[in-house]
There are 2 protein chains.
Amino acid sequence: MKRTNVSNNVIRRLPRYLRKLDDLAAKGEERISSDKLGRQMGLTPSQIRQDFSCFGEFGQQGYGYNVDFLRREIGQILGTYRGYSAILVGAGNLGTALVQNFDFIIEGYVFLGAFDIKPEVIGTQIDGFPVYDVRDLPGFVREHKVDIAILTVPRHAAQELTDTLAQAGIRAIWNFTNTELDVGDSGILVENIHFSDSLLVLTYHLAQQDDKEKNEV
Amino acid sequence: MKRTNVSNNVIRRLPRYLRKLDDLAAKGEERISSDKLGRQMGLTPSQIRQDFSCFGEFGQQGYGYNVDFLRREIGQILGTYRGYSAILVGAGNLGTALVQNFDFIIEGYVFLGAFDIKPEVIGTQIDGFPVYDVRDLPGFVREHKVDIAILTVPRHAAQELTDTLAQAGIRAIWNFTNTELDVGDSGILVENIHFSDSLLVLTYHLAQQDDKEKNEV
DNA sequence: TTTGAACTGTCAGGAGTTTAACATTGACGC
DNA sequence: GCGTCAATGTTAAACTCCTGACAGTTCAAA
């Protein structure tokens, strides 16, 4: 595998490729060309070939790409199949929704359980997984060498829990708290989901449309 | 306002600026320079000045930017304060979490209610807002001229509901279904939140770290 | 077995984005 | 008031990313 100097843009496109390939596989497609794939995804064939070539040679000239093979290769690149472990920190509505809705627990990740501060939630289960006391969080992370913390607590508790997790040796935080977390120079990976950012971008475009219309009239 | 040829990258940075400025305002900061802001956000001062200059001149030489003024300007650009209306389609866990957790209902948006297909949910309330029968969705959208649909239904129902919404004249879809929606040439704006994409990017970096370590040993 | 078509991987040019530099302006202390 | 310092808006250079072109390989049909 080459993987020298892969740009962020490329990395962020990989999951989209993976999703598309899953769809194609589900439809029973066996092969796909960069040309077809490009048309279906709104990308140029060039870009697709260039993207893939960052990681190796997955296609065959004159034939295209084998859907199933390519899918597994990209999965490999993205580190599925590695069994990274995850815990949920904050068993509120959002956290519950995440655990219930997504199969990431089955698909290559090992989900270990949830943590919360509310006495009435501690000891219950979410989708079959236990909800522990947040006071046991540091010990648990240390003991199980947890890779990923899914952070779905209220804003005001975010930084404190981040510090706790950092202390305990977490490797990555999937951050849903709508704040920028400070992890210092710990090297902890943070991936943010800022809902409101996304909504604001949507609204920006709506406003654009409205303004354009107004000017035309 | 200039707003000629604003790149996507710039637009996607705007919400982050807004969030940061809100924080600064909450802390009572009155003024901020591009230099300070850059250091706090991990951006170059140049980029910040360049970004803002796409929309006008918001700063003062020798002084910097007035936090409160800049905040309102960016809010303006992003189309908050315009009172766009929104409905929730799919009153499951995720949808409920969204409505309950976010203040976007108060902050410049008008939330009108939720729609679901399950009889046991229809007629109940989420955070004080009514849950209607999904069969009434088209009529409702048409009648209230709804701007934004927040789509939080299961994967398999996503495209059908998209078609329904399109028919009824929705302007934008905030898509949480983890599928790519096909809106044809309707001009409907779609903003995706693909949870799994984000998680996969995180895992990619974890895998990278692991591989590097292995090579070093 | 040969020929033509399909398609990849790569390279170089071009488009777009970010950064650095600078002239200019306003704030603030003396 | 005046001079110095601070910080902007802008321009141009540097850099990154995307696209088109093409050589080379494989497949499939005759």
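Definitions and cut-offs
Residues numbered from 1 in each chain as written. Chains lettered and ligands numbered in written order. Predicted model: local features only at pLDDT ≥ 70, side-chain atom pairs only at ≥ 80, totals over all residues. Helix = DSSP H or I, 4+ residues; strand = E, 2+ residues; numbered from the N terminus. Buried ≥ 20, exposed ≤ 12 C-beta atoms within 10 Å, placed from the backbone. Contact = placed C-beta atoms within 7 Å. Pairing = 2+ DSSP bridges. Domains from an automatic or database assignment. Near = placed C-beta within 6 Å. Nonpolar A, V, L, I, M, F, W, Y, C, P; charged D, E, K, R; others polar.

### Here we look at the overall build of chain A
Phase 1: Across its full length, chain A carries eight helices and 10 strands.
Phase 2: Taken along the three principal axes of its C-alpha coordinates, chain A extends 60 × 55 × 35 Å.
Phase 3: Out of the 217 residues belonging to chain A, those deemed buried represent 36%.
Phase 4: Of the contacts made within chain A by residues no fewer than 6 positions apart, 58% connect residues no fewer than 24 positions apart.

### Notes on the pairing of strand S7 (residues 129–133) of chain A
All names here are of chain A.
Phase 1: As paired elements, strand S5 (residues 109–116) and S7 share three bridges and run parallel to each other. In the strand pairing of S7, Asp116 is matched with Asp133.
Phase 2: Note that strand S6 (residues 125–126) and S7 share two bridges and pair antiparallel. Following the sheet pairing, Gln125 is matched in S7 by Pro130.
Phase 3: Taken together, S6 and the strand that follows it, S7, pair antiparallel across an intervening segment of two residues, in which Asp127 is found at a positive phi of about 55°.

### Description of the domain arrangement of chain A
One frequent convention defines the size of an interface as the accessible area lost when the parts assemble.
Phase 1: Segmenting chain A into domains produces domain 1 (8–77) and domain 2 (84–196).
Phase 2: When each unit is reduced to the centre of its C-alpha atoms, the spacing between domain 1 of chain A and domain 2 of chain A is 32 Å.

### A short note on the protein's contact with DNA strand C
Phase 1: Around DNA strand C sit 29 residues, and of these Gly59(A), Gly62(A), Ser7(B), Gln61(B) and Gly62(B) come closest.
Phase 2: The set of elements that each furnish at least two residues to the surface near DNA strand C consists of helix H2 (34–41), helix H3 (45–53), strand S2 (59–60) and strand S3 (64–66) of chain A together with helix H1 (8–26) and helix H3 (45–53) of chain B.
Phase 3: Among the elements that line the surface near DNA strand C, the one with the most residues is H3(A), at six residues.
Phase 4: Class assignment for the residues of the surface near DNA strand C results in six nonpolar, 20 polar and three charged.

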